[in-house]
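# Architecture and fold: a report
Below, each chain spelled out in residue letters.
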Amino acid sequence: MDVRSRNHVTVTGRTGGPVVMLAHGFGCDQNMWRLVVPALERDFTVVLFDHVGAGHSDLSAWSPEHYSTLDRYADDVLEICRELALGPVTFVGHSVSAMMGVLAAARAPEAFAGLVLLAPSPCFIDDPESGYRGGFSAEDIDELLESLEANYLGWSGAMAPVIMGNPERPELGQELTNSFCRTDPDIARVFARVTFLSDNRADLPAVDVPTLIAQCSSDAIAPPEVGAFVHAQIQGSQLVTLNATGHCPQLAAPEETTAAITAFAGAAR
Amino acid sequence: MSRTSDEEGGSPERDEASADEQAQFSALLEDSAEDLYERAPCGYLSTQLDGRIAKVNTTLLDWLGYEPGELVGHKHFSDLLTVGGRLYHETHFAPLLRMQGEISGIALELKAANGARLPVLVTSTVKTSSDGQPLLIRTTVFDARDRRAYETELLRARQQAEEERARLQRLNTTLQKTLLPPALANVPGLDVSAHYHIASTDEVGGDFYDLFPLAAGTWGLFLGDVCGKGAMAAAVTSLARYTLRAAAVYDPDPAAVLDNLNTVLNHEYNGTDPRFCTVVFGLLTPDHDEGGFRVTLASGGHPPALLMRADGTADYLTTPGGQLIGVLPDVDIATTTVRLAPGDTLLLHTDGLTEAHINSDAEDGERYGDDALLDFADALAPTTASDTISAIRDLLDKLGSGVDDDTAVLAIHVPQPPSDEHQ
């Protein structure tokens, strides 16, 4: 299978510039980065992609067996790096993708110039035994699944062939409403479980590449103490707290997010 | 009230009457923009871009049981949601609202002050300044208790339908298995193998085959395809299978076997509901003079068998003129006799294979076809029964969803005598 079309990989920006790879989190697709890409393009080669099962990825490549762990997503990241052969990349992982970066960097540190963990959480579920507070209980995740069930956001089985049969992204103005977050409900359910039920706390100390943790000042999904935990577990990591609120600083505060990525990736090259 | 504006403008008395009417309306409505906002039949909410509540109407406060001061400036919109709803808000709702400037009809649950939950439908738009900068978010909230109950019912019905479908598929698969021999008979001096490919578990297919002993070292074999699918086709398949076995005991001449099947099908399914099938029946007898087996094949409208020889050639064993079984009271059946020498392999198949679409995307695209199957056999020969079946299975896998009908294949092979193996 062609990795580029499997993950709908797009490469833009300055040819030969240091490489920044942007990985979207649970919910939407690579469009999540559209407010930061124009500024990053000036200095960097920018690699965008959709996780298998999301956006314009090849849905036929997705199966619940293969994509029920973050390891498989981390493998995909490494395959994209190998396929593009652009040298070490600064990997910017938002939310759940931050942990994909952690797993990939532990496996193949040579592929990474650095990691930017944007609003990361290694474990969303509270673990009273160790005193870790991720902010959620397993029942909360069931509630999320109910919300997913209640809101297909325009996805329907009849639309899937149209989306898959038209890999060239039409102009944004022609995009169908909610298409950035349109996901096959079966896929969304499995990805939600992978995202919110994975526990990658033990993988953090294995990271041995320069790492920046960028958390938001008020984030209902990844609270400040979680960012502090990640910072404490990854030796030599930097922690910045953005003024941005919410869980998606690349949308809420694109300039501030771009500045943090640029400063780190510029230094990491 | 079908007056035109010309008529209205033409009469001062009527102007006066119209003004009176308007005054009456206004009095009746007692309306002000403020009242429209506060006591609208839906909840109104204005929030800053970070979700902090800046303004909320009385309707929503009443629904939730809050005082204005408890929400404005203190709570974020997402604070009113259930935890799961908050996750959904952060991962779907907020990003889409940012990117599209609006999002509509999202089903969420609000938490009232007393902990009760209110199912609602939420629509939000971003208010922008004249130069396009986002300023604040306006949200309307509709009570969706009845609608959500209805949707939950729909969802439950869908889940039930999916469960029923899975149950039906299991039933079909089981029924299909009962129409086939659990294992092929072991024929001394022959290597035999078969495969049944189920195109869809939604319906039982009508393909069948069998291989069984007859008197005095002879063997019967058949492979056929009942027209149609589903329960009726399964009933005919079952009838055809036991009729063929019984008929072969009564008179093993292959043409007579098919003639008897034809009589039975005509008898059972006469009148308005004729049922028919294509079938090839073979009688295998060991060739004691020259080694190997002699096989006499009778065909009733069935695709010809393929002979893959020890010398690497392959040919169809045509039986021209054989008619469908079960259509006419008297049927023409064509027979052919061939010797299977050591190293030869005979392949029987149903047309699910040759009728498979090569390009699975095209509805009426190119079919795999008889010529392609002959080339396939030519490339395969010389071969064995099990290698043939395994190659056919690979071929079916490759054709994938292009195989839209069930396919049965049966291969028999005369192994080389052990002493010949080193030659």
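Report on the accompanying structure. (Residues numbered from 1 in each chain as written. Chains lettered and ligands numbered in written order. Predicted model: local features only at pLDDT ≥ 70, side-chain atom pairs only at ≥ 80, totals over all residues.)

### A closer look at the pairing of strand β12 (residues 314-317) of chain B
All names here are of chain B. Relative to β12, strand β11 (residues 305-308) is paired through 4 bridges, and the arrangement is antiparallel. Its bridge partner being in β12, L307 is matched across the sheet by D315. What sits between β11 and β12 in their antiparallel hairpin is a turn of 5 residues, with G312 showing a positive phi close to 90°. (Pairing = 2+ DSSP bridges. Helix = DSSP H or I, 4+ residues; strand = E, 2+ residues; numbered from the N terminus.)

### So, the sheet that holds β11 of chain B
As a general point, the strands of a sheet are linked pairwise by backbone hydrogen bonds and lie either parallel or antiparallel. All names here are of chain B. Here we have 5 strands laid out as an open sheet, ordered β6-β15-β14-β11-β12, and antiparallel in their pairing. The open sheet terminates on both sides in strands that have one partner only, identified here as β6 (191-197) and β12. Between one strand axis and the next, the sheet turns by 20° as a mean value, whatever way the strands run. As paired strands, β11 and strand β14 (residues 345-349) are joined by 3 bridges and run antiparallel to one another. Residue M308 lies in a different strand from β14, and its bridge partner there is T345. (Axes fitted to C-alpha atoms, helices over the stretch in contact; angles between N-to-C directions.)

### A closer look at helix α6 (residues 83-100) of chain B
All names here are of chain B. Here α6 is 18 residues long and its end C-alpha atoms lie 24 Å apart, about the 26 Å a rise of 1.5 Å per residue gives. Helix geometry: α6 is bent most strongly at H89, by close to 50°. Burial analysis of α6 places 16 of its 18 residues in the buried class, the great majority of the element. Once α6 finishes, G101 follows within two positions and takes phi at roughly 80°, a positive value. (Expected span 1.5 Å × (residues − 1). Bend = angle between axes of the 7 residues up to and from the residue. Buried ≥ 20, exposed ≤ 12 C-beta atoms within 10 Å, placed from the backbone.)

### Overview of the sheet that holds strand β6 (residues 211-218) of chain A
Residues and elements named next belong to chain A. Taken together, the 7 strands give an open sheet; going across it, the order is β1-β3-β2-β4-β5-β6-β7, and neighbouring strands pair in mixed fashion. Every interior strand has two partners, whereas the edge strands, β1 (10-13) and β7 (238-245), have only one. The mean inter-strand angle of the sheet, taken between neighbouring strand axes irrespective of direction, is 20°. Where helix α4 (residues 96-107) meets the sheet, it contacts β2 (19-23), β4 (89-94) and β5 (112-118), and its direction lies at approximately 145° from that of β4. (Contact = placed C-beta atoms within 7 Å.)

### Here's the deal with the interface of chain B and chain A
Between chain B and chain A, the residue contacts involve 23 residues of the former and 28 residues of the latter. Mapped onto the side of chain B that touches chain A, the elements with two or more residues apiece are α6, β3 (102-111) and α7 (145-178) of chain B. Here the side of chain B that touches chain A gets 15 residues from one element, more than from any other, and that element is α6 of chain B. Residue composition of the side of chain B that touches chain A, grouped by class: 11 nonpolar, 7 polar and 5 charged. (Nonpolar A, V, L, I, M, F, W, Y, C, P; charged D, E, K, R; others polar.)

### Description of helix α7 (residues 185-197) of chain A
Residues and elements named next belong to chain A. Over its 13 residues, α7 runs 18 Å from end to end, which matches the ideal 18 Å to within 8%, given 1.5 Å per residue. Considered for burial, the residues of α7 that qualify are I187, A188, F191, A192, V194, T195 and F196. Buried residues along α7 sit in contact with α3 (70-84), α4 and α5 (138-150).

### Quick notes on the pairing of strand β15 (residues 407-413) of chain B
Successive residues of a regular strand alternate their side chains across the two faces of the sheet. Residue and element names in this part refer to chain B. Of all 7 residues making up β15, 7 are buried, and the element is well covered by its neighbours. Here β15 shows two buried faces, one formed by T407, V409, A411 and H413 and the other by A408, L410 and I412. Bridge analysis of β6 against β15 gives 7 bridges, and the strand direction is antiparallel. From the neighbouring strand, H195 faces β15, where its bridge partner is V409. Examined bridge by bridge, β14 and β15 share 5 bridges and lie antiparallel to one another.

### What about the packing of α3 of chain A against α4 of chain A?
All names here are of chain A. Between α3 and α4, the least distance of the axes is 8 Å, while the angle of their chain directions is 65°. On the basis of the axis angle, α3 is roughly perpendicular to α4. Here the hand of the crossing between α3 and α4 comes out right-handed. Between α3 and α4, the contacting residues are L70, D71, Y73, A74, V77 and L78 on the first element and M99, M100, L103, A104 and R107 on the second. (Parallel < 35°, antiparallel > 145°, perpendicular 65-115°, else oblique. Left-handed = near helix turned anticlockwise from the far one by under 90°.)

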